[in-house]
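Here are the chains, one letter per residue:
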Amino acid sequence: MAEAKSGLDITTIREDFPILKREIHGRPLVYLDNAATSQTPQQVIDVIVDYYSRYNANIHRGVHTLSQEATVAYENARQTLQRHFNARKAYEIIFTSGTTHSINLVANGFTGFLKKGDELLVSAMEHHSNIVPWQMLCEKTGATLKVIPMNTRGELVMETFHDLLNENTRLVFCNHVSNALGTINPIEEIIEAAHAVGAAVLIDGAQSAPHMKVDLQALDVDFYTVSAHKVCGPTGIGMLYGKEEWLNRMPPYQ
């Protein structure tokens with residue numbers, strides 16, 4: 001049998017990750033849980049150490065040298081994300097503690113926009129972090145949460161999705177790639193159909209960001225969430241993309 005070749009130099013790639021030099025039970029560590037949390041390469045560790053070693057200070061809060069340097073680095077990071085995800089404006093990139101925080105931030109912001117009779121749609125394959133906040137939001141506002149089912153192949157039943165959409169639909173939530181199944185959802189179709197009835201769309205991109213190029217302007221999505229710890233970044237930080245018009249409408253969360 002011919003051996004499949006990926007074209008990747010695995011040995012060289014492993015050298016970037018110091019944790020992989022560990023041995024477990026006398027054998028070299030093999031880590032296969034990247035969908036939950038990816039390991040951190042030396043390049044990222046070096047940048048974190050450099051920050052705390054040379055210019056750790058409050059951002060946007062001081063006029064002294066360290067504060068100014070930290071602020072520039074912070075905003076440069078925002079612009080890097082803007083370019084990578086092709087957001088229209090750098091300030092549409094909001095730093096959060098991760099995908100869960102990002103989703104809860106949006107849910108809190110929509111509290112004043114919903115009322116009894118409004119409907120929210122969520123897919124059946126969501127992570128709990130993209131289910132529970134909307135259940136709580138419905139309890140607060142009287143809105144109704146409806147579920148887009150999936151079939152035995154682990155795919156969303158798009159016919160039912162289109163049937164569920166109506167003039168009362170206010171928000172649609174779906175992951176780009178399922179964390180449990182690996183299913184790549186047809187989010188372009190979901191976004192277009194939702195916008196046709198005036199609904200906003202939040203896409204959980206925690207699993208898609210590490211594996212595919214995401215073009216936020218091409219998707220025309222309203223909100224998109226990412227966790228750094230799944231893309232070889234540090235834990236405790238993430239990104240919420242929000243269209244400028246929605247961010248201007250939503251009240252402050254903190």
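Sequence order sets the numbering: in each chain, residues are counted from 1 along the sequence as written. A pLDDT threshold of at least 70 governs which residues receive local features in this predicted model, and a stricter bar of 80 or more applies before side-chain atom pairs are shown or counted, although totals over entire chains, interfaces and linings include all residues. The basis for every side-chain value is the complete set of heavy atoms in the structure, and neither hydrogens nor water enter the calculation.

### A look at a negative patch on the surface
Heads up, the condition is: Residues qualify for a patch when their relative accessible area is over 30% and they have no salt bridge, like charges being joined within 9 Å and the nonpolar side chains of Val, Leu, Ile, Met, Phe, Trp and Tyr within 5 Å. Under the convention used here, a 1.4 Å probe and the Shrake-Rupley method define accessible areas, while residue burial counts only the protein chains that appear. The working definition used for a salt bridge is a side-chain nitrogen of Lys or Arg within 4 Å of a carboxyl oxygen of Asp or Glu. For the charge count, each Lys or Arg is scored as positive and each Asp or Glu as negative, with His and the chain ends excluded. Taken as the charge centre is NZ of Lys, CZ of Arg, CG of Asp or CD of Glu, depending on the residue. In DSSP terms, a helix is any run of H or I states spanning at least four residues, a strand is any run of E spanning at least two, and both are numbered starting from the N terminus.
A contiguous patch of negative charge, built from Glu159, Asp163, Glu189 and Glu192, is present on the exposed surface. Tracing the backbone through its elements, the reader meets aspartate 163 in helix α6 (residues 158-164).

### Thoughts on the pattern of salt bridges
We count it as follows: The buried label applies to any residue whose accessible area, calculated with a 1.4 Å probe on protein chains only, is under 20% of its type's maximum; exposed applies above 50%, and partly exposed to all values in between.
Inspection of every chain in the model, using the stated rule, returns twelve salt bridges. The residue lysine 89 makes a salt bridge to glutamate 244 at a minimum N-O spacing of 3.4 Å. Note that lysine 89 is positioned in the loop between α3 (65-85) and β3 (93-96) and glutamate 244 in helix α9 (residues 244-249), a separation of 155 residues in sequence. The salt bridge involving lysine 243 is made with aspartate 220; its shortest N-O contact spans 2.7 Å. Taken as a pair, lysine 243 in the loop between β9 (238-242) and α9 and aspartate 220 in the loop between α8 (216-219) and β8 (223-227) lie far apart in primary sequence, 23 residues in all. Among the residues examined, lysine 243 registers a relative accessible area of 8% and is labelled buried. Overlapping salt bridges bring together Arg88, Glu92 and Glu245 as one network.

### Quick notes on the pairing of β8
Two faces belong to every sheet, and in a regular strand the side chains alternate between them. Using the following cut-off: Pairs of strands are assigned from DSSP output, requiring at least two bridges between the strands.
Across the five residues that make up β8, a large majority, five, are buried. Side chains Phe223, Thr225 and Ser227 of β8 all project onto a buried face; the interleaved residues Tyr224 and Val226 project onto the opposite face, where all are buried too. With three bridges connecting them, strand β7 (residues 200-204) and β8 associate as parallel partners. Bridging from a neighbouring strand, isoleucine 203 pairs with tyrosine 224 of β8.

### Overview of α3
Just so we agree on the cut-off: Given a helix with a known number of residues, its expected span is that number minus one, times 1.5 Å. It is the directions from the helix axis to the C-beta atoms whose arc is reported.
For α3, spanning 21 residues, the distance from its first C-alpha to its last is 31 Å, which sits close to the expected 30 Å at 1.5 Å a residue. Those residues of α3 lying buried are Ser67, Ala70, Thr71, Arg78, Gln82 and Phe85. Down the axis of α3, the buried side of the element spans an arc of 125°, and every buried residue falls inside it. Facing away from the buried side of α3 by over 90 degrees, the exposed positions are Thr65 and Arg83.

### Thoughts on helix α7 (residues 187-196)
Residues of α7 that are buried include every one of Ile187, Ile190, Ile191, Ala193 and Ala194, and no others. Where α7 ends, the next residue or the one after it, glycine 198, has phi of about 85°, a positive value.

### Considerations on the pairing of strand β4 (residues 119-123)
Formally: Seen with its strands pointing away from the viewer, a crossover is right-handed when the path leading from the first strand over the helix to the second is clockwise.
Across the five residues that make up β4, a large majority, five, are buried. Inspection of the sheet shows β4 paired to strand β5 (residues 144-148) by five bridges, in the parallel sense. Looking at β5, one finds that leucine 121 is bridged to lysine 146. Taken together, β4, helix α5 (residues 132-141) and β5 constitute a β-α-β crossover, and its handedness is right-handed. Judged from the four bridges that link them, β4 and strand β6 (residues 169-175) form a sheet pairing that is parallel. Across the sheet, leucine 121 pairs through a bridge with valine 172, a residue of β6.

### Some points on the environment of asparagine 151
Note that asparagine 151 resides in the loop between β5 and α6. Along the chain, asparagine 151 and isoleucine 187 lie 36 residues apart, while their C-alpha atoms are 17 Å from each other.

### A few points about the packing of aromatic side chains
As a reminder, the rule being used: Ring pairs shown here join Phe, Tyr and Trp side chains whose ring centres sit within 6.5 Å, with only the six-membered ring taken for Trp; geometry is labelled stacked below 30 degrees between planes, edge-to-face above 60, and tilted in between. Working rule: Lys NZ or Arg CZ, within 6 Å of ring centre, within 35 degrees of ring normal, means a charge sits over the ring.
With the rule as written, the count across this model stands at nine aromatic pairs. Ring centres of phenylalanine 113 and tryptophan 246 lie 6.4 Å apart, and the angle between their planes is 45°; on these two criteria the pair is classed as tilted. In this pair, phenylalanine 113 is assigned in the loop between α4 (99-109) and β4 and tryptophan 246 in helix α9, connecting sequence segments 133 residues apart. Tryptophan 246 sits in the buried class, given a relative accessible area of 14%. Taken together, the ring pairs connect Phe110, Phe113, Phe223 and Trp246 into an aromatic cluster. For arginine 249, the ring lying beneath its charged end belongs to phenylalanine 113, and the centroid distance is 5.0 Å.

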